[in-house]
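Structural description and commentary
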Amino acid sequence: NAGVTQTPKFQVLKTGQSMTLQCAQDMNHEYMSWYRQDPGMGLRLIHYSVGAGITDQGEVPNGYNVSRSTTEDFPLRLLSAAPSQTSVYFCASSYSRGVNTIYFGEGSWLTVV
Amino acid sequence: DAKTTQPPSMDCAEGRAANLPCNHSTISGNEYVYWYRQIHSQGPQYIIHGLKNNETNEMASLIITEDRKSSTLILPHATLRDTAVYYCIALLYNFNKFYFGSGTKLNVKP
């Protein structure tokens, strides 16, 4: 199993550009989420989804869009990149029933100049 | 979700037990305590979780006080590879909306 796969691993964007961070999982997990981590800080929840067609906001949703058309994929879209969105982004997934372990991807490093 | 409080950093000698405390004084009766760790800038890794009773697995032990207001993660024989940031999270059962604090940076020294 590949687990949780994120692409790209590194990306540099210019202010105002848009892009999509991809996240895929092959564990048939219902729950998927996106976090961002700024230097020296803990992870902050951006958006999450409890199943295909269902998404909701986390702590820091502004400037990001998500959709969940399949169980496997949960892309994160930056609409108009800003330097404040320079961060490391982590995608995570888990089963949605019972006491669960969340599995994280390896992260996507994004720099906005 | 209950707020958790952890010391920002701790040191531990290699081969000794590392005891990482966590305060969760506002935890409710149906909130679990989870521990994750993050090595360098990798994705966080699950360690252990518990509700009331002490728990042990191949990685660590979790001791939860009887009033559930605090807990301690124990790494019985710390190695240099255990150097990481350790996060304590209180979370409702069946609700995976995790909120991470700043965690404890554990430095394991030779």
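All of the points below concern the structure found in this document. As the structure is a computational prediction, the values presented were derived from the model and not from experiment.

What counts and what doesn't
Residues numbered from 1 in each chain as written. Chains lettered and ligands numbered in written order. Predicted model: local features only at pLDDT ≥ 70, side-chain atom pairs only at ≥ 80, totals over all residues. Heavy atoms only, no water. Helix = DSSP H or I, 4+ residues; strand = E, 2+ residues; numbered from the N terminus. Rg over C-alpha atoms; globule rule 2.2 N^0.38 Å. Buried < 20%, exposed > 50% of the residue type's maximum accessible area, 1.4 Å probe, protein only. Contact = heavy atoms within 4.5 Å. Areas by Shrake-Rupley, 256 points an atom, 1.4 Å probe, with all protein chains shown as cover. Lys, Arg positive; Asp, Glu negative; His and termini not counted. Charge placed at Lys NZ, Arg CZ, Asp CG, Glu CD. Disulfide = S-S within 2.5 Å. Pairing = 2+ DSSP bridges. Buried area = accessible area lost by both parts, 1.4 Å probe. Salt bridge = Lys/Arg side-chain N within 4 Å of Asp/Glu carboxyl O. Polar contact = N/O pair within 3.5 Å; in protein donor to acceptor, adjacent residues only side chain to side chain. Nonpolar A, V, L, I, M, F, W, Y, C, P; charged D, E, K, R; others polar. Axes fitted to C-alpha atoms, helices over the stretch in contact; angles between N-to-C directions.

1. A closer look at the overall build of chain B
Across its full length, chain B carries 0 helices and 9 strands. Listing every helix and strand of chain B by position from the N terminus yields β-β-β-β-β-β-β-β-β. Taken over the C-alpha trace, chain B has a radius of gyration of 13 Å; the compact-globule value for 110 residues is 13 Å, and the two agree within 12%. Each principal axis of the C-alpha distribution contributes one length, and for chain B these read about 40 × 30 × 25 Å. By residue count, 45% of the 110 residues in chain B fall in the buried class. Relative to all contacts within chain B whose residues are 6 or more apart in sequence, the contacts with residues 24 or more apart total 56%. With the model as given, the accessible surface of chain B reaches about 5500 Å², and the carbon-plus-sulfur share is 50%. The distance from the centre of the 10 positive side-chain charges to the centre of the 9 negative ones in chain B is 5 Å.

2. Quick word on the state of the cysteines
Disulfides are covalent bonds that connect the sulfur atoms of two cysteines. Under the counting rule described, the total for this entry stands at 2 disulfides over all chains. The disulfide that involves Cys23(A) links it to Cys91(A), with 1.8 Å between the sulfurs. Across the S-S bond linking Cys23(A) and Cys91(A), the dihedral sits near -75°, which makes this disulfide left-handed. Residue Cys23(A) is found in strand E3 (residues 19-25), and its partner Cys91(A) is found in strand E9 (residues 87-94); the two are separated by 68 residues along the sequence. With respect to class, Cys23(A) is no different from Cys91(A); both count as buried. With its sulfur 2.1 Å from that of its partner, Cys22(B) forms a disulfide with Cys88(B). Measuring handedness by torsion sign, the sulfur bridge of Cys22(B) and Cys88(B) sits at about -80° and is left-handed. Within this pair, whereas Cys22(B) is found in strand E2 (residues 18-23), its partner Cys88(B) is found in strand E8 (residues 84-92), the two being separated by 66 residues in sequence. On the basis of relative accessibility, which here comes to 3%, the residue Cys22(B) falls in the buried class. Of all cysteine sulfurs in the structure, the one in Cys22(B) sits closest to Cys12(B), which takes part in no disulfide; the separation is 18 Å.

3. Describing the sheet that holds strand E6 (residues 61-64) of chain B
All names here are of chain B. An order of E2-E7-E6-E5 is seen for the 4 strands of this open sheet, with the pairing classed as antiparallel. Edge strands, defined here as strands with exactly one partner in the open sheet, are E2 and strand E5 (55-56). One ladder, built from 4 bridges, connects E6 with strand E7 (residues 70-75); its direction is antiparallel. When the sheet's bridge partners are listed, isoleucine 63 is paired in E7 with threonine 72.

4. Re the interface of chain A and chain B
Contacts between the two partners involve 24 residues from chain A, matched on the other side by 20 residues from chain B. For the pairing of chain A and chain B, the buried interface totals around 1800 Å² over both sides, and the portion due to carbon and sulfur atoms is 55%. The tally of links between chain A and chain B comes to 0 salt bridges. Joining chain A to chain B, the criterion identifies 3 residue pairs in polar contact (both at pLDDT 80 or more). Taken together, the elements giving at least two residues each to the side of chain A that touches chain B come down to strand E4 (31-37), strand E5 (43-51) and E9 of chain A. Class assignment for the residues of the side of chain A that touches chain B results in 12 nonpolar, 9 polar and 3 charged.

5. Digging into the sheet that holds strand E1 (residues 4-7) of chain A
All names here are of chain A. With respect to topology, 4 strands assemble into an open sheet ordered E1-E3-E8-E7, the strand pairing being antiparallel. Of all strands in the sheet, those with a lone pairing partner are E1 and strand E7 (64-66), marking the two edges. Each strand axis lies, on average, 20° off the axis of its neighbour in the sheet, ignoring direction. Across 3 bridges, the pairing between E7 and strand E8 (residues 76-78) is antiparallel. Counted as the bridge partner of asparagine 65 is arginine 77 from E8.

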